[in-house]
Each structure stands twice: as structure tokens, then as C-alpha cells.
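Spelled out from the first residue to the last, the chains are:
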Amino acid sequence: MKTVNPLPVSTYRLQITAGFTLFAAAELVEYISGLGVDWVYISPVLRSADGSDHGYDVVDNSIVDPARGGPEGLAALSKACHDAGLGLLVDIVPNHLGVADATQNAWWWDVLENGRESRYAEAFDIDWDFGGGKLRIPVLGDAPTGSDAGSVLDDLTIVGDELRYFDNRYPIAPGTADDGASPRDVHERQNYELVNWRRADAELNYRRFFAVNTLAGVRVEVPWVFEESHAEILRWIREGLADGLRVDHPDGLADPGGYLDALAAATGGSYVLVEKILEGDERLPAFWATAGTTGYDALADIDRVLVDRHGRKRLDAIDTALRDRAQPVEWKTLIHGTKRAIADGILRSEVLRLDREYHATRPRQDPDLVADAVAELLACFPVYRSYLPHGAAHLEEAAELARRHRPELAATIDEILPVLGDPTEPMAVRFQQTSGMVMAKGVEDTAFYRYTRLGSLTEVGADPEEFSIGVAEFHRRQAERQATMPGSMTTLSTHDTKRGEDTRARISVLSEMPERWEAALSELREATPLGDGPFENLLWQAAIGAWPVSAERLHAYAEKASREAGNSTNWLDPDEEFERRMHEAVDSAFTDPRVSSVIGRIVAETSGPGWSNALSAKLVQLTAPGVPDVYQGSELWETSLVDPDNRRPVDYDIRRLYLAAIDSGAHPPVDETGAAKLLVASRALRLRRDRPELFTRYAPLEVMGERARHAIAFDRGGAITLATRMPVTLEAEGGWGGTSVMLPGHALVDVISGRTFSGGNVPLAHVFDEYPVALLAPASEG
């Protein structure tokens, strides 16, 4: 067994499923190690709902999922990693449990059977009084037209000691099913109430993960709940099976900081990351016991340094015209509306629970006033959440904005603000848990599909209002990362990104050619009009970015994106006529010569520059400060769209074949195979793993000449990264010309191309004559 680095140098994310088990992951370790990766990083592996393709719907936290390989599979993967000198990072889900099938979740089943008297009632966040002493389960369908709403209960049946509604099975409490009692009578006697699925929006009485009824919130702040829900996880650390943990959605917890303290104490301070979205210049709480985030903040910086700021005005104009507006849509105005709609819609039940928390010890006045003020504060909250007293200024900022939006609520806002700012108040704790839900659903899952001027900007963890950043600002942010969060993860693609990294890299090229995109979009809309300009912009950008893409994949994306946007159709009541036209438009990309020729033209114009962007992004990510993660398969072109498209099986045979050829001396061209990206990734990962002393600082390098703005250059302490940005404009300006970079005065080898440079003032035309990127190391150590 080789020595494992206590902190990862890099990671490789694998989605563990029934089709790609822990045993399959173990067999892949040799390839991952050969790639140059330091730790393997896997999705949740506790037992999840049958058929789950992601693992975030854990139903039994006491055992590794047998469908994913079980305990034996985890042991096999751990051994393979450690034998190769690799660490193992495991994703965990403390915020919620899967309850879609009650028979699979023993805790939930016990609560359904025994109600408030269940030992596990305390483990879930249930408002029993609001439900009249019952737990509401929103599964009933709509009654036939003209029928009584309760008539759907006639579909209940009794089978043994279970009450069933079609495929849904629920326990019957002892002594409640007398001989001759009808299923409806038995239902009335249970500790749960089956209700119409539409009632979940406003009448649910248990906390969920966002608005997912089948994921019930867990109260890990209760000591015994933490201990029992984490016993298996802590065994992995204690027995050396796992080396670190990635915490999913800490913002849903009552006390994220306290949870991380408990986890650190229980694991002896193991490496821990948190899935935390930072907004704008927000910083991770310094008092948290974590090495950092899962890297979306880094993704946003890398994407934006590759976007041409000069394209903003024209792309804004295109978007404004598509909306038939006189002025560009204002991002903050847009998200205020979408967040308020979420608070008033699918998360209304959470808002009303906050109202009940407030009035639990205070006289009730206007029944709607406090709920209205709470919803407005949630819509105005500038970040995902606060961690009181940390972040109290965000609450004040929200209050100030809410008063401006709704001056008639000012007195009510002032009345409830001291309560919301007091970390000992139950209402304050719940408000903090709820604000992140509203942000995620209102922004990521709605506004991102409406704000469509440039699709690469609407990505998880990013601020679409920030169009681009210059090289100097990029350097400043990386230097800050090196100083404050060197152990934080960086990423370009995940199982949750809206588009794969290379889909975005190609879409970003449109910032360099907005006039050509405008003309192409006009042709596409004329050939297949949908009557929803912003969505058409989103759809055709996605098609261009992911091309070549199958009709099946593009149809799935179009349906999800249009329903998430909620302008022309939605999930609750799909507009069949719009969706018919939409699917016809997707088909036309493959069957109508007019449409396919336009797509072919734009793809031809953006492919080369997109590949250049992709190589630059990958090299920068792999060599910049932080712990770079490679999402499964993204060492070749990663042109996924939104989930589940980004969770497709990966062909590792072709990757092994390409890597073997590269290791035999092949220098692949930059083409559709993506082999050039594998060359860049493997060389960067290996250098970073094998020569850590070359990655100890961050210093920008001076680039001189008329094309200096097209280069990203930094020195990590001996390893030097050089990358190209805005390649379309660069070519239009005549190439690099006399632009050069000042290198240290000793021999350097480019570990990507294998060429040697003498140091000093080196022309970039010479550096980039084979690839748009270079990674230089001291020649004697390269």
C-alpha cells in the first residue's frame, strides 16, 4: 500500500450507480491513477431509493447500497485506491432522506405507523399541530370532473397490514383496521393523511429538500439523529475506508457550522468539503470546519475570463429585441420576481410555517400580513442564507430592499426583523433554512432559463449579471483563493451543472461574434417560429454548444428547459400546443435542410475557437489554486446538457486507448476526438501530483505587446501556465504578432508539447504554434 496524501492534490468524480458499481469504480482506479489524479471522489453510496441514478435520495443510512456494490464494493474500491496511493472522497447527504416508497425507509415507515409517538418523529421536521396530529402525504390524484374531491380515496385498498393507493404502500397502525372497516375508514384512523398532490405547495407539514415532496428534511442537529444517521459514515473514516467527505447541501441544516464542528470532532478532522454556492463577493464562513467548497465559484471565474466583454452590448440588444422591450432586462428585477413567485407558489408551505412560528407566541393579527412580509424578505435576500450572527448584514440588506419594493409592508418588516435576526428564535433558524430553497428554485431553476443572452453565463454558482472579467481581475481572485482557500475544490463540470464545460466553452465564442449569431438566430426563428424569443435563444445556443447532439437528448433538454423557465409552458400544466411546436423545432435541426445548414454553419465557425476555450479552461482549472476535480469523462470533450444528460455512461475504453497512444508519444491534433484535451489534462494532473513543490504560490506573469489581453499567464512557483483567450478576435487581429511573455531565465519544457524554451522574453506565437495552451516546468525537472 502506497502513502496517501492527507489532502488531495486533485480528484476524479465518479457517479456510482447500479449500472456502474463500486466494483466497476475499483477496476477504473488504475486508469485514474495513470491520468495523474490523486484522489477518487464518488457520489453518495448509502442505500438509496430503488432505481435512483444519483444516490441523493438515501433511504437507509446504515448500509452501503447493495445495488451499488454494497459494503464489499466500497472495501474493494478503497483497497484499490489505497494500493495505488490514491485517497477516497465520499459524498454524504445529511439534510434529507428519500421517502418516495415508504416501505424502503424504516424511519419514515415507523413515523407513519406510530405518528408522534414514533421514536423517529423527532428525526424529521414535522409540524404535527398544523396537520391535526397527522403527517400529510401529497400523493392523491385529481378527482374526475364532476366528482367529489374525496372520491379518489375510493381507490384505497387494504392488503394485509398495509393501506395501498395504487403502487403506494403505507402501514396500518395496530388496532385501527377492525373487521368490516372500509379502506376510507381505516385511512381516517391513521397517523398520516393522504392528500391531493397539489396541496403540497401550501399545506404540507414537513420540511423537504427544496420542493421535492419525496425528500423529507432530517434534523441532524438532534444529537442522537446525528449519531445514528452518521454511524456508517464514521465507520468508513474510522476503519480507513474513506479519507474525506463531501457534504451535500449544508444550507438546508438548522446549524451548518455546528454540524461541521460535530463532523470534525467525530472524524478527527478529516478532509471535508461543502456544497456551498457563494453569491458575488460572498465568502465562506471562516469559522466553518471545512477545507472549502465544491468549486462552483472557481467555475464562474474561469468561464468569465474567456468571455469577450465587447460582445455584451450586442447580445443585450439581441435579448432586448427578443423580449420586445425598450431596455435590457435587469437581472435583479428578474430574480426578485422569480423568487417571489417561488415563495408564493411551490414553497408557500414553508412561508406559512414561518408565519406559524412567529405567531406561536404572539397574538395573531392580519392573517396574511406576516406571511406576505416573510415572502418579500425571502425574495429580496441577496445570498443563499445567513449563519447568524454571521451574515446579519444580509438580512438588513433584504429588509431595506423589501421596504422599497413594498412600502406598505414596512411596519410589519420592522416588527419581525428582530425575531429573524435572533439566532435563538425558531423562526430565525427556519428562515435561514428556507432562504436557500427560494434562491435555488427561483434563480438556478427558473431565472437561469429566462435570462438567455449568453447561456454559458447561467451556470450553477455564477452571477449572470457579471458578463466577463479581465485578466487582472482573474489574477486577483486566484491570488485570494491561494491565500484563503488553497484546499477548496475547483470544478468545471458536475452532475448538477446546467451545461458541460465544453458546451459552455463553445457558447462563449458567441460573445466574440454576436452579429453572426444574431443573423443565424433570425434564420432559425424564421424557419421554426415558437413565439418565445428568449427560449429560442436558449434552445439554439444549447444545440450549437452540444453539437453533435442526438435528437433524443435535445428533445429532453428542450422540454426541461422550457418548463423550468415557465413562460410558455410549465411542469404543472404543460402547454401542449407550444410543446408540439417546440418538439417540431427540435426535429427540424435534423430533418429540415434550412435549419440544419444554419446550425452546421455556426458549429463550423465556433468549433475551433470553442476547443481553444475548452483547452484553456481545463489547463487553467487544473493548475490554478485549489484542488481541481475532473468530472467523469471530462478529460475528453464534455458537451453535456442539464441532468440527467450529464450523468450518461462514460466510454472508458476509448479513453484508455487515447491515453496509451499519448503516452507512446502521439501528439493529437485539436479536433472532434478530444484527445488533445486528454493530453492537456494528463500532463497537468501528473505534473501537479508528481511535482507539488512547483505549485506553492500564485504570481501573474507579464505579457507584453498588442495582443497581451488574449493571454492568461501565471507562475505557480515553478510551474507556468499559459493559455489563450478570445481566439476569434485574436485571429481577426492578425494573430499574436510580437506579443511575448517574460519567463524565468532558465530552460523550461512544455510538458504538453514536449518543446523546450530558453526562458526570458519568449514570443507567444512560438509558444502556441501547436496548441493554444502550454504548461512549462524547469527543464531539469520536467
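Above this text you will find the structure in question.
Residues numbered from 1 in each chain as written. Predicted model: local features only at pLDDT ≥ 70, side-chain atom pairs only at ≥ 80, totals over all residues. Heavy atoms only, no water.

Asker: Help me understand the sheet that holds strand β1 (residues 11-14) in this model?
Answerer: Strand pairing in a sheet takes place through backbone hydrogen bonds and is either antiparallel or parallel in direction. Judged by pairing direction, the sheet is parallel, and its eight strands sit side by side in the order β16-β15-β14-β5-β2-β1-β18-β17 without closing on themselves. Among the strands making up the open sheet, the edge pair consists of β16 (292-293) and β17 (489-490). With respect to the sheet, helix α2 (residues 70-83) is in contact with β2 (39-42) and β5 (87-92), its orientation differing from that of β5 by roughly 145°. Docked against the sheet, helix α7 (residues 256-267) engages β5, β14 (244-247) and β15 (271-274), running at close to 165° with respect to β14. (Pairing = 2+ DSSP bridges. Helix = DSSP H or I, 4+ residues; strand = E, 2+ residues; numbered from the N terminus. Contact = heavy atoms within 4.5 Å. Axes fitted to C-alpha atoms, helices over the stretch in contact; angles between N-to-C directions.)

Asker: Before we go on, may I ask you to explain empty space enclosed by the protein in this structure?
Answerer: Over the atoms rolls a probe the size of a water molecule, and in doing so it shows where empty space is left. This model, assessed by the stated rule, comprises five cavities of 30 Å³ or more. Taken as a whole, the largest cavity spans an internal volume of roughly 110 Å³. What lines the largest cavity is a set of 13 residues, and nearest its centre among them are Asn61, Val93, Pro94, Leu97 and Ser229. Looking at the lining of the largest cavity, the elements with two or more residues in it are β4 (58-64), β6 (96-98) and α6 (223-238). Residue contributions to the lining of the largest cavity peak at three residues, all from α6. Of the voids in this model, the second largest cavity is the one considered here, and its volume is about 90 Å³. Forming the walls of the second largest cavity are Asp303, Leu306, Leu492, Glu501, Asp502, Arg504, Ala505, Ser508, Asn613, Ala614, Ala617 and Lys618. Among the elements of the structure, α17 (501-507) and α22 (593-623) are those that each provide at least two residues to the lining of the second largest cavity. (1 Å grid on protein atoms, 1.4 Å probe; cavity = no way out; pocket = protein on both sides within 12 Å on 5 of 7 lines; lining within 4 Å. Points joined across faces, edges and corners; volume = space filled by probe spheres on them.)

Asker: It is not clear to me how the environment of Ala264 should be interpreted in this structure. Could you clarify?
Answerer: Position of Ala264 relative to the elements: it lies in helix α7. For the pair Ala264 and Ser493, spaced 229 residues apart in sequence, the C-alpha separation works out to 28 Å. Excluding residues that lie within four positions of it along the chain, Ala264 makes contacts with Gly269 and Ala289.

Asker: Explanation requested: the pairing of strand β9 (residues 162-165) in the structure shown.
Answerer: Across a regular strand the side chains alternate sides, sitting on one face of the sheet and then on the other. For strand β8 (residues 156-159) and β9, the ladder comprises four bridges, and the chain directions are antiparallel. In the sheet register, Leu156 faces β9, and the bridge partner there is Tyr165. Here β8 folds back onto β9, and the loop between the two strands holds two residues, one of which, Gly160, carries a positive phi near 65°. Here β9 pairs with strand β10 (residues 168-171) via four bridges, running antiparallel. Counterpart to Arg164 in the pairing with β10 is Arg169. If you look at the hairpin formed by β9 and β10, you'll find two residues sitting between the two strands, and Phe166 has a positive phi there, around 55°.

Asker: When you look at the pattern of salt bridges in this model, what are you seeing that I'm missing?
Answerer: Opposite charge on two side chains makes pairing possible when the charged atoms of those side chains draw close. Following the criterion strictly, the structure yields 77 salt bridges and no others. A salt bridge links Arg406 to Glu408, with the nearest nitrogen and oxygen atoms 2.4 Å apart. Taking the relative accessible area as the measure of exposure, Glu408 reaches 51% and is therefore exposed. Across the pair Arg580 and Glu584 runs a salt bridge, and its minimum N-O distance is 2.6 Å. Taken together, the residues Arg580 and Glu584, both in helix α21 (residues 576-591) and four residues apart, mark about one turn of the helix. Arg580 sits in the partly exposed class, given a relative accessible area of 38%. Bridged by salt links that share partners, the residues Arg283, Asp301, Arg304, Glu466, Glu473, Arg476, Arg477 and Glu480 form one connected network. (Salt bridge = Lys/Arg side-chain N within 4 Å of Asp/Glu carboxyl O. Buried < 20%, exposed > 50% of the residue type's maximum accessible area, 1.4 Å probe, protein only.)

Asker: Help me out: how do you make sense of the sheet that holds strand β13 (residues 212-217) in this one?
Answerer: The antiparallel open sheet is built from three strands, whose spatial order is β6-β13-β12. With partners counted over all chains shown, the strands left at the sheet margins are β6 and β12 (208-209), one partner each. Across three bridges, β6 lies against β13 in antiparallel orientation. Among the inter-strand pairings, Leu97 is bridged to a residue of β13, identified as Ala216.

Asker: Could you clarify how one ought to interpret unusual backbone geometry in this entry?
Answerer: Note: most residues except glycine have negative phi, and most peptide bonds are trans. In the segment running from Leu388 into Pro389, the intervening peptide bond is cis, with an omega of 5°. Tracing the backbone through its elements, the reader meets Pro389 in the loop between α12 (369-380) and α13 (392-405). The linkage connecting Asp643 with the following residue, Pro644, adopts the cis geometry, with an omega of 10°. One can find Pro644 in the loop between β18 (627-631) and α23 (652-663). Phi is positive for Phe166, which is not a glycine, with a value near 55°. Its location among the elements puts Phe166 in the loop between β9 and β10. A positive phi is found at Phe210, a non-glycine position, where the angle reads about 50°.

Asker: Whenever I open this one, the packing of aromatic side chains confuses me. Can you help?
Answerer: For any pair of aromatic rings, the description consists of the separation of the ring centres together with the inter-plane angle of the planes. One pass over the structure, following the stated rule, counts 21 aromatic pairs. Centroid distance Trp107 to Tyr120: 5.0 Å. Interplanar angle 20°. Geometry classified as stacked. On the criterion of sequence distance, the pair formed by Trp107 in helix α3 (residues 106-114) and Tyr120 in the loop between α3 and β7 (135-140) is long-range, its members being 13 residues apart. Each of the two residues, Trp107 as well as Tyr120, counts as buried. Ring-pair connections join several aromatic residues into one group, and the members of that group are Phe20, Tyr31 and Tyr652. Its end group placed over the ring of Trp224, Arg119 keeps NZ or CZ at 4.3 Å from the ring centre. Here the guanidinium or amino end of Arg356 rests over the ring plane of Phe130, the centre of that ring lying 3.6 Å away. (Phe/Tyr/Trp six-rings, centres within 6.5 Å; stacked < 30°, edge-to-face > 60°. Lys NZ or Arg CZ within 6 Å of the ring centre and 35° of its normal.)

Asker: Can you help me understand α3 in this one?
Answerer: At 3.6 residues per turn, the α-helix brings residues three or four places apart onto the same side. Among the residues of α3, Trp107, Trp108, Trp109, Val111 and Leu112 are the ones counted as buried. One side-chain oxygen at the N-terminal end of α3 lies 3.1 Å from the backbone nitrogen of Trp107; it belongs to Asn105. Two residues or fewer after α3 comes Gly115, characterised by a positive phi angle close to 60°. (Polar contact = N/O pair within 3.5 Å; in protein donor to acceptor, adjacent residues only side chain to side chain.)

Asker: Explain the environment of Gly252 to me, please; I cannot follow it from the model alone.
Answerer: Position of Gly252 relative to the elements: it lies in the loop between β14 and α7. For the pair Gly252 and Phe209, spaced 43 residues apart in the sequence, the C-alpha separation amounts to 7.5 Å. Those residues in contact with Gly252 that sit more than four places away from it in its chain are Asn95, Arg207 and Gln433.

Asker: Can you help me understand the packing of helix α1 (residues 22-35) against α2 in this one?
Answerer: Describing two packed helices takes the angle between their axes plus the distance from one axis to the other. Packing of α1 against α2 leaves a shortest axis separation of 8 Å and a crossing angle of 10°. When the axes of α1 and α2 are compared, the pair comes out roughly parallel. In this structure, α1 contributes Leu22, Phe23, Ala25, Ala26 and Val29 to the contact, and α2 contributes Gly70, Glu72, Gly73, Leu74, Ala76, Leu77, Ala80 and Cys81. Broken down by class, the residue content of the contact of α1 with α2 amounts to ten nonpolar, two polar and one charged. (Parallel < 35°, antiparallel > 145°, perpendicular 65-115°, else oblique. Nonpolar A, V, L, I, M, F, W, Y, C, P; charged D, E, K, R; others polar.)

Asker: Quick question: what am I supposed to make of the pairing of strand β23 (residues 740-743) here?
Answerer: Pairing of strand β20 (residues 703-704) with β23 involves two bridges; the strand directions are antiparallel. Each bridged residue has a counterpart across the sheet, and for Val703 the counterpart in β23 is Val741. Sheet topology places β23 next to strand β26 (residues 760-763); four bridges connect them, and they run antiparallel. Bridging from a neighbouring strand, Val741 pairs with Val762 of β26.

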